[in-house]
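Single-letter residue listing:
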Amino acid sequence: MPQSFFVSIFLGEATRSSLRASTANQNADHDDWGIETVEVDRRTALTNLRRRRFGGSLRDVPEDDLDNFIMSPAGRVASKSNLRSLHAHHDPPTSSPRTSSRVEDFLGDSLLGPQDIAVLLQAGLTSAMKGSTVVQLNQRMLLDLIASQPKSFAIAVLAELGNDGPRPLASALMALCEVDQGSFKEAHRIEMHDLLESWLPLQIPRREDYLAGGRWARQSYYDAIFSVAISILDLSESYTGLKLRLQQVRRYKESDPVPLPMELSKDLNHQPTSKLAAAIESAIAKIEFADEVGHKVIDEVQNYRKLAKDCKEAIGAYKEAFAACSQVLSIDKLAFQADWFKSFYRRNYDALMVKSIFDNVMDDVDSSRVWMEALRRGSMGIDPTDSDSGNHSPPSRSMHDYDSAMTKMVSPVPTSMPSSVGITAKPFFTCPEKQTEQELIDGIVQAIFLDNSERERIQCDPLVRLLISNEPGHYNFTIITAMGVITEGSKGLELQKSIERLEKERGVVTIRADTGTARSIDYNASRIEEAVETATQLNRPYGLVGYSQGCANGFNFESRMISGTPDQQSAITSPESGLVCRQLLFSAANGSMHGPAFNAKVHQLITMCEDFFKYQQGYFSRAFISSTLELVDNTLDSAAFQKFHGCAKCFLPDALRGFWREAQHLPHIPTCVLRGVLEDHTTPESLEMVCNLLTKQSSSPLHDSQVHVYDAVGHPVYVKNRNGRILKNIDMGGAIQRTHHWSPLSEEVEFVRTSRDVQHAVFDCAKDRHIFPFCDVNARFGVIHYKSEANKNGDNSKSDSS
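Residues numbered from 1 in each chain as written. Predicted model: local features only at pLDDT ≥ 70, side-chain atom pairs only at ≥ 80, totals over all residues. Heavy atoms only, no water.

Peer 1: Before we go on, may I ask you to explain the overall build of the protein in this structure?
Peer 2: Along the backbone of the protein there are 33 helices and 8 strands. For the protein, the share of sequence-separated contacts (at least 6 apart) that also reach a separation of at least 24 residues comes to 80%. Put simply, the protein shows about 36,700 Å² of open surface, and 53% of that area lies on carbon and sulfur atoms. (Helix = DSSP H or I, 4+ residues; strand = E, 2+ residues; numbered from the N terminus. Contact = heavy atoms within 4.5 Å. Areas by Shrake-Rupley, 256 points an atom, 1.4 Å probe, with all protein chains shown as cover.)

Laid out in structure tokens, this is it:
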């Protein structure tokens, strides 16, 4: 049987039960208030349809259904005879003798809530069988149920229809106003505009008034309905607040102090103990000593060509500093927010970023040598296929001549190369064994990092020069990935080879969340929750790695878990299998300028099409125009279009304000960030138009083609509240790199790779840098433990309990 028949049976039972309860309550209220009950004719269109379903006879219909089924306000509207004297809703007087909760007065006594009705109503509006009698009956029963409740309930249902913004609500309103009622007799059809106006203190525009010959023909019908949608969302603020109050647990008030490290806390109850104070003093002293020894070693390494691994004293001093910092963090889990700790953490993250690229180049992983060679040349203003070196920068003493193999490697697309090639165009990273260790480090820092001040700081840091590795061993850690707006979810291949190498080297298991393409952040957050349920079975702590929209999905997942059930809270806060760190790759959690720009373009396109159809109205028949309008309505009401709008919400800074306003996040989770800025030599040919659009729209070229560099951070930019300050304190940052938004992708973008992309090696980047430095820096400071340490701690806890 079609699914709509089962929905019809369910709705019939829910509607009858709700209307019975509503009628009983209203009759009791009428008796209490002294209001005379008006007998209403029960022979509605709904009754006739029910009679028809039973073969034209009511003998098979249960008698109690006929006696108790009272015609709802929507059914009364269907009669049209008493439309002007109709009061669809009865709002009780303010001085009611009946004691009832504010929630009941606000949301009524329906068995189905506003969100339930909105989902079912939307399913009918987007159904491919709108002309079906069953679908129309379902819609009528939903309208009856809405109309039997207080006006605030109807506003709540409309607000749920517009949960993803005013544009989906405008589409839903247009569909509601033109809802198919062909299965009903003319006398029993509802005048939807009047029904909506009985619910709202607003006037609903009528399409015929905006067509050619109408009184508002020069104005846009879509603009008018869009304005109504915005007003409805404004009216629904009370419902939204009530919904959040009922569904989410607020752990802290906005007025509560922001959690700070004990050494910075002004609360006498959270002052550092003598043990913590001694640990902090020791850690700072060891960092200063290690830096002092490290700076001396830099001179030795550069002057005497000494290998970094031979500087055992400096490496040992830094490892002692790492251990001291881990000791501080074990005593105070918020200690990493202190300036001295945060600075040292950030230095290590950038140093491990350089080391990851260095290791990939030396081990010839994937095509990292080709990528670094192209990136180096691009940063120097040299085209990878350019053989003219007359106007280039001074030569480097460590470069060597081309050979035919290197020519094919750097420029796979055949090019004509003269015999005399300039020295600046000669290979460097493609033959790393011919360069010194420190020269390679200099080349990586100069090529990969964009900002001059960051380059100078990183280049002078002994942590970078010493290429310090973590101790060998496997991490007791799991990664949950949430990828971008276009993804295959659990079957995706983003960073696949790097994930396999990470599991082989460090034993880190990666679970891909089954997020969907062009789906809302709420849908994707539920998919991340499913992945976390799988991860918790491994009994390991986990970290979230978000890419683009996946960062917003991850933040939303965390907020939902914190404000959810005790089991959900345990899944994220448990020390054995909870969340311990985050990695944001080209984060779109603050939205993108593409969102508002696209939104404005879509709105303008719709109004332009509307003007075009008005002009054509005089040349085509009314039947053709009606068919065209129906086609447009079906497109706007389609499930694919509605899902796309739910996804587009995450790119709108205004839409994300509501999320950031109510979000809650843990204050002891360090957040690493990878940001990028495009340049000519790092721009894929398929992203050139998008890149130029964003540059024009944002009036700034500092972006990665999708997200502006100042938005791709680990905290909210456009909302200032307590939670935002918490996230800003735990945002550890990361140096801006020369790269593009599609950096983590490889096989997924093969179909758009051009010969120019191959020559510039824009997709052949070192993929390991997206996840290896994140895992290593957190393992270095004890946020992530080794498996041996976890087993040891577990044994200790068992012995203590015994």
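Peer 1: Help me understand unusual backbone geometry, please; the structure alone is not making it clear to me.
Peer 2: Of note, the phi angle at Leu495 is positive, near 55°, even though the residue is not glycine. Structurally, the position occupied by Leu495 is in the loop between β1 (478-482) and α21 (496-506). Look at Leu495 and you get buried, because its relative accessible area is 5%. Positioned with a positive phi, Phe586 is a non-glycine residue whose angle comes to about 50°. (Buried < 20%, exposed > 50% of the residue type's maximum accessible area, 1.4 Å probe, protein only.)

Peer 1: How do you make sense of the pairing of strand β5 (residues 671-674) when you look at a structure like this?
Peer 2: Of the two faces of β5, the one lined by Thr671 and Val673 and the one lined by Cys672 and Leu674 are each fully buried. The pairing of strand β4 (residues 579-585) with β5 spans 4 bridges and is classified as parallel. Looking across to β5, one finds that Gln583 is bridged to Cys672. In the sheet, β5 pairs with strand β7 (residues 731-733) via 2 bridges, with the strands oriented parallel. When the sheet's bridge partners are listed, Thr671 is paired in β7 with Asp731. (Pairing = 2+ DSSP bridges.)

Peer 1: Would you take a moment to explain the pattern of salt bridges for this structure?
Peer 2: Note that side chains of opposite charge can pair when their charged atoms are close. Here the structure, examined in full by the defined rule, presents 28 salt bridges. Arg207 is the salt-bridge partner of Glu178, the closest N and O atoms lying 3.7 Å from each other. Taken together, the residues span a long stretch of sequence, with Glu178 in the loop between α9 (166-177) and α10 (192-199) and Arg207 in the loop between α10 and α11 (221-235) at a distance of 29 residues. Take Glu178: its relative accessible area is 38%, and that puts it in the partly exposed class. We note a salt bridge from Arg582 to Glu558, for which the minimum N-O separation is 2.8 Å. With a gap of 24 residues between them, Arg582 in strand β4 and Glu558 in helix α23 (residues 549-562) connect regions that are remote in the sequence. (Salt bridge = Lys/Arg side-chain N within 4 Å of Asp/Glu carboxyl O.)

Peer 1: What is the right way to read the packing of α23 against helix α24 (residues 566-573) from this model?
Peer 2: Between two packed helices, the angle of one axis relative to the other and the distance separating the axes together describe the packing. Interaxial distance between α23 and α24 falls to 7 Å at its minimum, and their mutual angle equals 130°. When the interaxial angle is binned, α23 and α24 end up oblique. Counting all contacts with α23, which are made through Phe557, Glu558, Arg560, Met561 and Ile562, the residues of α24 involved are Gln568, Gln569, Ala571 and Ile572. (Axes fitted to C-alpha atoms, helices over the stretch in contact; angles between N-to-C directions. Parallel < 35°, antiparallel > 145°, perpendicular 65-115°, else oblique.)

Peer 1: Help me understand the nonpolar core, please; the structure alone is not making it clear to me.
Peer 2: In summary, soluble globular proteins display a tendency toward joint burial of nonpolar side chains. In terms of nonpolar packing, the biggest core is built from 104 residues, with Trp340, Phe341, Phe344, Trp371, Met372, Phe477 and Trp660 touching the most fellow members. The leading source of residues in this core is helix α15 (residues 339-362), at 12 residues. Among all residues touching Met372, those that are not within four sequence positions of it are Ile357, Val361, Phe429, Gly443, Ile444 and Ala447. Core analysis: the second largest hydrophobic core is formed by 44 residues, Leu112, Leu158, Met192 and Ile232 among them. (Core = buried A, V, L, I, M, F, W, Y, C linked by side-chain atoms within 4.5 Å.)

Peer 1: Sorry, what's going on with the pairing of β1 here?
Peer 2: β1 sits mainly inside the fold: 5 of its 5 residues count as buried. Because side chains alternate across β1, one face comprises the buried residues Thr478, Ile480 and Ala482, and the other comprises Ile479 and Thr481, equally buried. Examined bridge by bridge, β1 and strand β2 (residues 509-512) share 4 bridges and lie parallel to one another. Within the sheet, the bridge partner assigned to Thr478 lies in β2 and is Val509.

Peer 1: Sorry, what's going on with the environment of Ser227 here?
Peer 2: Looking at the secondary structure, you find Ser227 in helix α11. Between the alpha carbons of Ser227 and Arg167 there is a distance of 9.8 Å; along the sequence they are 60 residues apart.

Peer 1: Hey, could you run me through the sheet that holds β2 in this one?
Peer 2: Through backbone hydrogen bonds, the strands of a sheet pair up, either in parallel or in antiparallel fashion. Strand order in this open sheet of 6 strands is β2-β1-β3-β4-β5-β7, and the pairing throughout is parallel. Only two strands of the sheet have a single neighbouring strand rather than two, namely β2 and β7. Strand-to-strand twist of the sheet, defined as the mean angle between neighbouring strand axes without regard to direction, takes the value 25°.

Peer 1: I'm lost on a nonpolar patch on the surface in this one. Help?
Peer 2: Taken together, Tyr615, Tyr619, Phe620 and Phe624 make up a surface patch of nonpolar side chains, about 490 Å² in accessible area. Within the secondary structure, Phe624 is located in helix α26 (residues 622-637). Looking at Phe624, the relative accessible area reads 43%, which means it is partly exposed. (Patch = residues over 30% accessible without salt bridge, like charges linked within 9 Å, V, L, I, M, F, W, Y side chains within 5 Å.)

Peer 1: Help me understand the side chain of Ser236 in this model?
Peer 2: As for its position among the elements, Ser236 is in the loop between α11 and α12 (237-247). In this structure Ser236 comes out as buried when scored by relative accessible area, which is 3%. Ser236 has contacts with Ile155 and Ala159, leaving out every residue within four places of it along the chain.

Peer 1: Help me understand the packing of aromatic side chains in this model?
Peer 2: To describe a pair of aromatic rings, you give the distance between the ring centres and the angle between the ring planes. For the coordinates displayed, the defined rule picks out 16 aromatic pairs. Both rings, one in Phe322 and one in Phe344, keep their centres 5.9 Å apart while their planes meet at 35°; by these two values the pair is tilted. With a gap of 22 residues between them, Phe322 in helix α14 (residues 312-331) and Phe344 in helix α15 connect regions that are remote in the sequence. Among the aromatic residues, those joined into a cluster by ring pairs are Tyr318, Phe322, Trp340, Phe341, Phe344, Tyr345 and Phe781. The ring centre of Phe184 lies 4.0 Å from the NZ or CZ of Arg140, which sits over that ring. The lysine or arginine in question, Arg527, covers the ring of Tyr523, its NZ or CZ lying 4.7 Å from the ring centre. (Phe/Tyr/Trp six-rings, centres within 6.5 Å; stacked < 30°, edge-to-face > 60°. Lys NZ or Arg CZ within 6 Å of the ring centre and 35° of its normal.)

Peer 1: Sorry, what's going on with the environment of Ser148 here?
Peer 2: With respect to the element layout, Ser148 can be found in the loop between α7 (133-147) and α8 (151-161). From its side chain, Ser148 meets the backbone oxygen of Leu145 in a polar contact 2.7 Å long. (Polar contact = N/O pair within 3.5 Å; in protein donor to acceptor, adjacent residues only side chain to side chain.)

Peer 1: What is the right way to read the environment of Leu502 from this model?
Peer 2: On the secondary structure map, Leu502 appears in helix α21. On the basis of relative accessible area, Leu502 is assigned to the buried category, the value being 0%. The contact partners of Leu502, leaving out residues within four places of it in the chain, are Ile479, Gly507, Val508, Ile771, Phe772 and Cys775.

Peer 1: Explanation requested: the confidence of the model for the protein in the structure shown.
Peer 2: As a note on interpretation, predicted positions should not be read in detail where pLDDT is low. Across the protein, the average pLDDT comes to 80, with 77% of residues at or above 70. The spread of mean pLDDT over the elements of the protein runs between helix α17 (residues 404-410), the lowest at 37, and helix α32 (residues 772-780), the highest at 97. Counting contacts from residues 387-424, a segment whose pLDDT is below 50, to residues more than four positions away or on other chains yields 62 contacts. Within the model, pLDDT remains below 50 along residues 797-802, and this stretch shows 0 contacts once partners closer than five positions in the same chain are excluded. (pLDDT = per-residue confidence, 0-100.)

Peer 1: I would appreciate a short explanation of α23 in the present structure.
Peer 2: An α-helical segment advances 3.6 residues per turn. Residues three or four places apart therefore align on the same side. Counted at 1.5 Å a residue, the expected span for α23 with its 14 residues is 20 Å, and the 20 Å between its end C-alpha atoms agrees. Within α23, 13 of the 14 residues are buried, which leaves the element mostly enclosed by the surrounding structure. (Expected span 1.5 Å × (residues − 1).)

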